[in-house]
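One-letter residues, chain by chain:
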Amino acid sequence: MTNNQFFDQCMARNRDYLERGIRAAEGVPVERLNKKPMDAAWSPAQVYKHLVLTNALYLEKLQVETQGLPLDSSNQQLELSWFGGFLAKQSGPGTNAPSPKALVPPDGMLPGDVVSEWATQQSQLIDLIDGLRNRELNRKFTRNALLPMFRMTLGDVLSILTNHTERHILQIEGRIHGSC
């Protein structure tokens, strides 16, 4: 997959997740958003909050650290690093990787505006991704926010965030509309 194909796919996926995340919570009472299904550790509201906590780590980092990233007019093939590829796979659907303590949402009732907080942040991420089109995706430019010994590429970071969002949007949809 070329860098441009990756960007197009990443943008389409993140826009889809934004729409689905908003749609899943439309008209849902705050009590329902905060109800934990019997087979799950987190309520839908806590999953939204987890996404907010996770995205916050990377949004600021991306805004600062991508400013000097060179343009790439050659449209290279996307190459994820070994570590980034591993994290992208583990953060996606079908996995149950444990969440670091810093990213565990609080217990208790969360306000209904956690959905709009996430949606605003997801929109910011989409705008940021759009602004990174034609940047060099394969150059290692940043350290992992939780494991700073590992350096990652822009492709790694965007893959991780996109797969992570997909995983949790699927959880939110299932938990809101499933049986408790």
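This is a predicted model, so every value here is computed, not measured.

Thresholds applied
Residues numbered from 1 in each chain as written. Predicted model: local features only at pLDDT ≥ 70, side-chain atom pairs only at ≥ 80, totals over all residues. Heavy atoms only, no water. Helix = DSSP H or I, 4+ residues; strand = E, 2+ residues; numbered from the N terminus. Contact = heavy atoms within 4.5 Å. Polar contact = N/O pair within 3.5 Å; in protein donor to acceptor, adjacent residues only side chain to side chain. Buried < 20%, exposed > 50% of the residue type's maximum accessible area, 1.4 Å probe, protein only. Core = buried A, V, L, I, M, F, W, Y, C linked by side-chain atoms within 4.5 Å. Expected span 1.5 Å × (residues − 1).

Participant: Explain the environment of T162 here, please?
Facilitator: In this fold, T162 is placed in helix α6 (residues 154–177). The spacing of T162 and A88 is 74 residues in sequence and 8.3 Å in space, taken between C-alpha atoms. With residues near it in sequence (within four places) discarded, T162 still touches C10, R13, N14 and Y17. Looking at T162, its side chain comes within polar contact range of the main-chain oxygen of L158, at 2.7 Å.

Participant: Please explain the environment of P70 as it appears in this structure.
Facilitator: You can see P70 is positioned in the loop between α3 (44–65) and α4 (82–91). Residue classification places P70 among the partly exposed positions, given a relative accessible area of 23%. As for P70 and P111, which are separated by 41 residues in sequence, their C-alpha atoms are 41 Å apart.

Participant: Explanation requested: the nonpolar core in the structure shown.
Facilitator: Among soluble globular proteins, nonpolar side chains are generally buried collectively. Ranked by internal contacts, the top residues of the largest apolar core, which has 44 residues, are Y48 and L62. Looking at this core, the elements that each hand over two or more residues are α1 (3–25), α3, α4, α5 (114–131) and α6. Non-local contacts of L62, meaning those with residues more than four positions away in its chain, are made with L125, L128, F141, L154, V157, L158 and L161.

Participant: Honestly, α1 in this entry has me stumped. Any pointers?
Facilitator: Along an α-helix, a turn takes 3.6 residues, which lines up residues three or four apart on a common side. With 23 residues, α1 extends 33 Å from end C-alpha to end C-alpha; this agrees with the ideal 33 Å at 1.5 Å per step. Turning to α1, its buried residues number three or more, namely N3, F6, F7, C10, M11, N14, Y17, L18, R20, G21, A24 and A25. Elements in contact with the buried residues of α1: α2 (30–33), α3, α5 and α6. After α1 finishes, the residue G27 shows a positive phi value of roughly 70°.

Interpretation in functional terms is not warranted from these geometric data alone.
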